Amino acid sequence: MEHIFQKGSNSKGFTFISLHGTGSNEEAMLPLAEAFNPDFNVLSIRGNVNENGMLRYFRRLAEGVYDIDDLNQRGDELLAFIVKAADENQFDIQKAVLLGFSNGSNIAINMLLKKDNPFKYAMLLAPMYPIEDIEVNQLEDLNVFISMGKIDPIVSLDDSEYVVSIFENRNAKVTESWTKGHNVSSQTIIDGRNWLNTIK
């Protein structure tokens, strides 16, 4: 998969796994990763699905309607790529922080719900996961920051609360942050930085 890896200066060895939103690319996530913590390593990955000229991580049948088979397959492929990249770039996947926006958050959720999920930290910005038939695996080792919009034109309030419930029902440690729309606000950055200061 097309990607960028930037070595950081952090002594604790944390790495952002940056996943962009629909129509964006891996370069667009670099300023966001720097805003949250400029010292982390960054592995920023380009989605390899093209939807009418817009890059994504998995196919969808319509707005808000996911191709579940493709989602699961692409999630497996992305997870395998990240594991390989961790070995090649010599970073600790146990200290990786999934940093996704919109479609990037959604593919991150798919990876987090897999039985072989190696991740302990995630930052999900503007996520939506309208899938009800999900296996209830336990995620008590997961610490997740979720930023949502109260008047998001793409993700309803119910859809946002459903994402929170997915993780709370699996005993993950959830920190919520609320903004107005489908965006990353200055408050999101502040809340995200504060959350990052709590992880070890």
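In every chain, residue numbers begin from 1 and rise along the written sequence. Totals for whole chains, interfaces and linings use all residues, but because this is a predicted model, local features are given only for residues with pLDDT of at least 70 and pairs of side-chain atoms are given and counted only at 80 or more. Derived side-chain values reflect all non-hydrogen atoms in the structure, with water molecules and hydrogen atoms excluded from consideration.

> Explanation requested: the overall build of the protein in the structure shown.
Secondary structure follows DSSP: runs of H or I at least 4 residues long count as helices, runs of E at least 2 residues long count as strands, and numbering of each begins at the N terminus. Within the protein, the secondary structure is distributed over five helices and eleven strands. In summary, the protein has a C-alpha radius of gyration of 15 Å against a globular reference of 16 Å for 200 residues, a match within 12%. Projecting the C-alpha coordinates of the protein onto the three principal axes gives extents of approximately 40 × 30 × 30 Å. Counting the 200 residues in the protein, one finds 52% classified as buried. Whether two residues are in contact is decided by their heavy atoms, any of which lying within 4.5 Å being enough. Across the protein, every contact between residues at least 6 apart in sequence was considered, and the portion connecting residues at least 24 apart equals 71%. Carbon and sulfur atoms make up 45% of the accessible area of the protein, which totals about 9400 Å². Only four residue types enter the tally: Lys and Arg on the positive side, Asp and Glu on the negative side; His and the chain ends are excluded. Here the site of a charge means atom NZ of a Lys, CZ of an Arg, CG of an Asp or CD of a Glu. The positive charge centre, built from 18 side chains, and the negative charge centre, built from 28, are 5 Å apart in the protein. Put simply, the radius of gyration uses C-alpha atoms, and a globule should come to 2.2 Å times the residue count raised to 0.38. For every residue, the accessible area obtained with a 1.4 Å probe (protein chains only) is divided by the maximum for its type, and the residue is called buried under 20%, exposed over 50%, and partly exposed between those limits. Using the Shrake-Rupley algorithm and a 1.4 Å probe, accessible areas are obtained, with residue cover drawn only from the displayed protein chains.

> What exactly am I supposed to notice about the pattern of salt bridges here?
One side chain can pair with another of opposite charge once the charged atoms of both are near each other. A side-chain nitrogen of Lys or Arg and a carboxyl oxygen of Asp or Glu constitute a salt bridge if their distance falls within 4 Å. A full pass over the atoms with the stated rule returns eight salt bridges. Ionic pairing is found between R60 and E51, a salt bridge with its closest N-O pair at 2.8 Å. Judged by its relative accessible area of 16%, E51 is buried. With a shortest N-O distance of 3.7 Å, E63 and R60 are connected by a salt bridge. By relative accessible area, E63 is classed as exposed at 56%. Taken together, the shared-partner salt bridges in this structure form one network comprising E51, R56, R60 and E63.

> Looking at this model, I keep getting lost on the environment of E135. Mind explaining?
On the secondary structure map, E135 appears in the loop between β9 (121–125) and β10 (143–149). Along the backbone, E135 and L19 are 116 residues apart, and their C-alpha atoms lie at a distance of 24 Å. Here a polar contact means two N or O atoms within 3.5 Å. Within protein one must be a hydrogen donor candidate and the other an acceptor candidate, and residues neighboring in sequence count only if both atoms are side-chain atoms. A distance of 3.4 Å separates the side chain of E135 from the side chain of K115, its partner in a polar contact.

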